[in-house]
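# Overview (structure and organization)
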Amino acid sequence: MPKRTKVAILGFTSHNFIAPWNDDSWELWGLNDLHEVFEQHAPGIFKTDRCQWFQLHKPDAGQAYHGVRDPNHLAWLAKQKFPIYMWEPTAEIPAAVPYPIHDVLRYFQPFPYFNNSISWMLALAIVQGYKTI
């Protein structure tokens, strides 16, 4: 069971402003290079225990991740202390943890189907027992 019972899974849509940025009862999950949006809405959020991150794209030629617009994204990932879920964690990102793909797929048998990062995030929140997503 997670520390909190509520998680907000945030993507790149323009309605991020309605997320529970200032409500400590919510955990906030982000992905890819969305970290700039988090800092805009809640300066200092990454120094709290409210975040988990997902970088579920594989690197392009070992330099950057597919679709990333922020040239400082890799450096940002390397500095974080909260979990950063990845398919294959690397030593360059000390907080990286392997996404528990086998647990998630087993939980959703017989029809596990996930085709994007948000769907993998939703699935993990369900598996981990969040009550409000």
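Our structure's up above, just so we're on the same page.
The paragraphs below set out a description of the structure included in this document. Residue positions within a chain follow its written sequence, with the count starting from 1. In keeping with the predicted nature of the model, local features appear solely for residues at pLDDT of at least 70, side-chain atom pairs appear and are counted solely at 80 or more, and the whole-chain, interface and lining totals rest on all residues. With hydrogens and water set aside, each side-chain value is computed from the structure's full complement of heavy atoms.

Moving on, we come to the nonpolar core. If you look at the biggest cluster of nonpolar residues, it comprises 38 residues, and the most contacted ones within it are Trp29, Phe38, Trp53, Phe54 and Tyr99. Secondary structure counts use DSSP, requiring at least four H or I residues in a row for a helix and at least two E residues in a row for a strand, with both numbered from the N terminus. Broken down by secondary-structure element, the contributors of at least two residues to this core are β1 (6-9), β2 (26-31), β3 (51-54), α2 (73-79), β6 (84-86) and α4 (117-128). In terms of residue count, the dominant contributor to this core is α4 (five residues). The criterion is simple. A nonpolar core is a set of buried Ala, Val, Leu, Ile, Met, Phe, Trp, Tyr and Cys residues joined through side-chain atoms within 4.5 Å. Only protein chains enter the accessibility calculation, which uses a 1.4 Å probe; a residue is then buried when its area is under 20% of its type maximum, exposed when over 50%, and partly exposed in between.

On the basis of which strands lie adjacent, the open sheet formed by five strands has the order β1-β2-β3-β6-β7 and parallel pairing. A single partner strand is all that each edge strand has here, and the edge strands are β1 and β7 (96-98). For this sheet, the mean inter-axis angle between neighbouring strands, taken without regard to orientation, is 30°. At least two bridges found by DSSP between two strands is the condition for calling them paired. Looking at chain direction, β1 and β2 are connected through four bridges and run parallel. Across the sheet, valine 7 pairs through a bridge with glutamate 27, a residue of β2. By definition in these notes, contact holds between two residues if any of their heavy atoms fall within 4.5 Å. Note on definitions: angles span 0 to 180 degrees between N-to-C directions of axes, and those axes are lines fitted to C-alpha atoms, for helices only across the stretch in contact. Where α4 meets the sheet, its contacts fall on β1, β2, β3 and β6, and the angle it forms with β2 comes to roughly 150°.

Right, let's get into the pattern of salt bridges. In what follows, salt bridge is the name for a side-chain nitrogen of Lys or Arg lying within 4 Å of a carboxyl oxygen of Asp or Glu. Counting across every chain of the model gives four salt bridges. The residue arginine 4 makes a salt bridge to aspartate 24 at a minimum N-O spacing of 3.1 Å. Here arginine 4 is found in the segment before β1, whereas its partner aspartate 24 is found in the loop between β1 and β2, with 20 residues between them in sequence. For arginine 4, a relative accessible area of 7% gives the class buried. Its salt-bridge partner being aspartate 49, residue arginine 4 comes within 2.8 Å of it at the nearest N-O pair. Placement of the pair is arginine 4 in the segment before β1 and aspartate 49 in the loop between α1 (35-41) and β3, with a sequence separation of 45 residues. Here the salt bridges do not stand alone but share partners, grouping Lys3, Arg4, Asp24 and Asp49 into one network.

Another point: the pairing of β2. Counting buried positions along β2 gives six out of six residues, so the element sits mostly inside the fold. Here β2 shows a buried face lined by Trp26, Leu28 and Gly30 and a second buried face lined by Glu27, Trp29 and Leu31. When β2 meets β3, the two strands line up parallel, connected through four bridges. Bridge assignment links glycine 30 to a residue of β3, and that residue is tryptophan 53.

Purely spatial values, then, with no claim about function.
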